[in-house]
Amino acid sequence: MSNGGGTSSNIETCAEKTTTPKPSDQSNDGVSASMEASDTEKGITREQQDDQDPSPPYSVFSLATKRFIVFIVALTTLLPPLTASIFYPVITLLAREFRVSVTDINLTITVYLLFQGIAPSFVGNLSDEAGRRPALLISLILYIVGSVLVAAKPSYGLLYGMRILQSAGGSGTIALSLATVSDIVTSAERGSYTSSVQLGWMLGPSVGPVIGGLLSQFLGWKSIFWFLAIYAGSVWLFSLLFLPETSRKVVGNGSIPPQGWNMTLYAYLQKAFAKGATASPKAQTKTSKSLSLNPLKSLKLFREKETCVLLIYSGLVYANSYMILSTLSDELEEKYGFNTLQISLCYLASGFGTVTSVLLTGRILDWNFRRHARLVGLEISKQKQQDLSNFPIELARLQSSIPALILASVSLVAYGWLLQTKQHLSAPLIFLFLQSFGSASAFSGLNNLIMDLNRDRPGTASAAMNLTRCWFGAGGTAFASPLAMRGGIGWLGVVIPGIWLLFSPILYVVLRYGPKWREEERLKKMSEAQTSSEKEASK
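Residues numbered from 1 in each chain as written. Predicted model: local features only at pLDDT ≥ 70, side-chain atom pairs only at ≥ 80, totals over all residues. Heavy atoms only, no water.

Trainee: Residue-level account of the packing of aromatic side chains, with values.
Mentor: Scanning the model with the defined rule gives twelve aromatic pairs in all. Considering the side-chain rings of Tyr156 and Tyr160, the 6.3 Å spacing of their centres and the 50 degrees angle between planes classify their relative orientation as tilted. One end of the pair is Tyr156 and the other is Tyr160, both in helix α9 (residues 156-170) and four residues apart, which spans about a single turn. Members of the aromatic cluster, joined through ring pairs, are Phe68, Phe238, Phe242 and Tyr266. We note Arg248 situated over the ring of Tyr58; from NZ or CZ to the ring centre the distance is 3.9 Å. The ring of Tyr318 has Arg469 sitting right over it, with the charged end atom 5.3 Å from the ring centre. (Phe/Tyr/Trp six-rings, centres within 6.5 Å; stacked < 30°, edge-to-face > 60°. Helix = DSSP H or I, 4+ residues; strand = E, 2+ residues; numbered from the N terminus. Lys NZ or Arg CZ within 6 Å of the ring centre and 35° of its normal.)

See the structure below:
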């Protein structure tokens, strides 16, 4: 542990040295400091300076509006993992109902996860080009249709097909939620907002089995799909009425009035029924242009070294949730003789761990960002996006992820062997809570770093994250059950952190070479932009 701490300290020291200003910069910093001190003596606060700054703010949305937007998109992110995990307590019941094997029912979960990785590439690209609202509303309609058809005319074939439709519709919500956060907040406050959005998709795998168990116990398994349809329909209606467009390509920082389907229904009705309104000043509008839809854009991110390795490692971390929770039901039934309702309640331990992580990790990430900003002299303002070209963003994000991974790894080993040796139920559930807290916290840091590296294309970046998360989750789910049956749940608890450890050099590589790779990508984009502008000028 002392060597690990020394490494972290050396890395941080190196980061501080590389960002030490030149003498001329120090002189400028001294002038800036004296001006700031003068402003302070005059009673001018940082917020007042921001108000006096003639340059436009990063977002014109108020704090209350930002929180309202994040609340709505957080509701949508609950759908994909909830739909995947709500099956866990009723897998055996559905196999008997449709007269198929348990493996056949598990196959519908695997297919759901596979398509959940593909669909966001289309939805994320559509949202970057046409706006977040249209992409979200279309996605939710597909999801609702899939849920209603299974509930109304149940059969195994229809279940299989409609699970694909559910996946195509619901999976895009995660990509849209992360893109929406990037639209309205700067990197300095991204941690808190992203953690709030993350609550939905991290909590879904835990609360899904609880909801599924309760509904099937008292209302029958068909009620699961009616519940999903009603929930999605309510979110769709709420979004249609009140969720504003945030895409910076469509409304800029929020000051450009949205047009057509980018308007909320509430705003449209207000405009339609307004009587005697005086002509408003000419609003800033964007010239319309054809959409450039390319769902393969998310795959191009895998050609960028830093983003690629982070996507892989974040997928490995997230797959842990599906591997542990998909095997928990069988273990509790076999070792403790629990029924469906009792099993579903045990999933709450993981849910509580995720909620605790969301409440703490976002604040920790924002605090660490501000701490490093002070070290390198970077000005922090919630109304101005920060220039990260000379900022150690990798260190700021991963310093909290690495200890969280260690906690999750130790807890996984303890959880697996306590469950395998049939210890008192409270013991494995405590470590289930701790591993959920640790893995969710680690994933949050990785997730924020990926979005920081791709601030100009948040929809595409979040779609790429969804691709690795879901495909690794699908592979992990298919791998976990055979391993737990043959080697025992204890060895599963060893294999998962073993995989994390095997790929952990990725984190060191990112800390060591990340700033260099970022600069290479920046220069590459500048060169491409210049070449593009020259071609346009020559036409």
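More follows now that the structure is in view.
Trainee: Before we move on, could you go through empty space enclosed by the protein and cite the residues and values that matter?
Mentor: Across all of its chains, the model carries three cavities of 30 Å³ or more by this definition. The calculated volume of the largest cavity comes to roughly 60 Å³. Surrounding the largest cavity, Met202, Pro205, Ser206, Ser321, Leu325, Ser350, Thr354, Gln435, Ser436 and Ser439 form its lining. Every element with two or more residues in the lining of the largest cavity is listed here: α11 (190-218), α16 (305-336), α18 (348-376) and α20 (426-453). A class-by-class count of the residues in the lining of the largest cavity yields three nonpolar, seven polar and no charged. (1 Å grid on protein atoms, 1.4 Å probe; cavity = no way out; pocket = protein on both sides within 12 Å on 5 of 7 lines; lining within 4 Å. Points joined across faces, edges and corners; volume = space filled by probe spheres on them. Nonpolar A, V, L, I, M, F, W, Y, C, P; charged D, E, K, R; others polar.)

Trainee: For the environment of Ser171, give the residues involved together with the corresponding values.
Mentor: Turning to its location among the elements, Ser171 is positioned in the loop between α9 and α10 (172-184). Overall, the relative accessible area of 0% leaves Ser171 in the buried class. Measuring from C-alpha to C-alpha, the distance between Ser171 and Ala463 comes to 9.3 Å, with 292 residues separating the pair along the chain. The residues contacting Ser171, other than those within four sequence positions of it, are Pro80, Phe115, Gln116, Ala119, Pro120, Gln166 and Asn466. (Buried < 20%, exposed > 50% of the residue type's maximum accessible area, 1.4 Å probe, protein only. Contact = heavy atoms within 4.5 Å.)

Trainee: Outline the packing of α16 against helix α21 (residues 458-486), supporting the account with residue identities and numerical values.
Mentor: Describing two packed helices takes the angle between their axes plus the distance from one axis to the other. One can describe the packing of α16 onto α21 by two numbers: an axis separation of 7 Å at closest approach and a directional angle of 40 degrees. When the interaxial angle is binned, α16 and α21 end up oblique. At the point where α16 passes α21, the crossing takes the right-handed sense. Contacts between α16 and α21 involve Leu311, Ile312, Ser314, Gly315, Leu316, Tyr318, Ala319, Tyr322, Met323, Ser326, Thr327 and Glu331 from the former and Ala464, Met465, Thr468, Arg469, Phe472, Gly473, Gly476, Thr477, Phe479, Ala480, Ser481 and Ala484 from the latter. The class makeup of the residues in the contact of α16 with α21 is 13 nonpolar, nine polar and two charged. (Axes fitted to C-alpha atoms, helices over the stretch in contact; angles between N-to-C directions. Parallel < 35°, antiparallel > 145°, perpendicular 65-115°, else oblique. Left-handed = near helix turned anticlockwise from the far one by under 90°.)

Trainee: Give a description of the nonpolar core that names residues and reports values.
Mentor: Residues Tyr313 and Trp500 are the most contacted members of the largest nonpolar core, which totals 112 residues. Top element by residues in this core is α16. It accounts for twelve residues. (Core = buried A, V, L, I, M, F, W, Y, C linked by side-chain atoms within 4.5 Å.)

Trainee: So what about the packing of helix α4 (residues 63-77) against α11? Which residues, and what values?
Mentor: Taken N-terminus to C-terminus, the directions of α4 and α11 make an angle of 25 degrees; their axes are 7 Å apart at the nearest point. Our classification of the angle between α4 and α11 gives roughly parallel. Crossing angle aside, the handedness with which α4 passes α11 is right-handed. Residues Leu63, Lys66, Val70, Val73, Ala74 and Thr77 of α4 pack against Tyr193, Ser196, Val197, Gly200 and Trp201 of α11. Here the contact of α4 with α11 is composed, by residue class, of seven nonpolar, three polar and one charged.

Trainee: Can you break down the side chain of Ser411 residue by residue, with the values?
Mentor: One can find Ser411 in helix α19 (residues 393-420). Apart from residues no more than four positions distant in its own chain, Ser411 is found in contact with Phe431, Leu434 and Gln435.

Trainee: Provide a residue-level description of the pattern of salt bridges, including the pertinent values.
Mentor: In this structure the tally under the stated criterion is nine salt bridges. Between Arg190 and Asp452 there is a salt bridge; the shortest N-O distance is 2.7 Å. In this pair, Arg190 is assigned in helix α11 and Asp452 in helix α20, connecting sequence segments 262 residues apart. Take Arg190 and Asp452: they sit in the same class, and that class is buried. Between Arg522 and Glu519 there is a salt bridge, with the nearest N and O atoms lying 2.6 Å from each other. In this pair, Arg522 and Glu519 both sit in helix α23 (residues 505-538), three residues apart, roughly one turn of the helix. Each of Arg190, Arg397 and Asp452 takes part in one network of salt bridges that share partners. (Salt bridge = Lys/Arg side-chain N within 4 Å of Asp/Glu carboxyl O.)

Trainee: Could you give an account of a nonpolar patch on the surface, with specific residues and numbers?
Mentor: A cluster of nonpolar side chains, namely Leu114, Phe115, Ile118, Phe122 and Trp471, defines an oily patch on the protein surface of about 460 Å² accessible area. In terms of residue count, helix α7 (residues 102-130) provides more of the nonpolar patch than any other element does, four residues in total. Relative to the elements of secondary structure, Leu114 occurs in helix α7. On the basis of relative accessibility, which here comes to 35%, the residue Leu114 falls in the partly exposed class. (Patch = residues over 30% accessible without salt bridge, like charges linked within 9 Å, V, L, I, M, F, W, Y side chains within 5 Å. Areas by Shrake-Rupley, 256 points an atom, 1.4 Å probe, with all protein chains shown as cover.)

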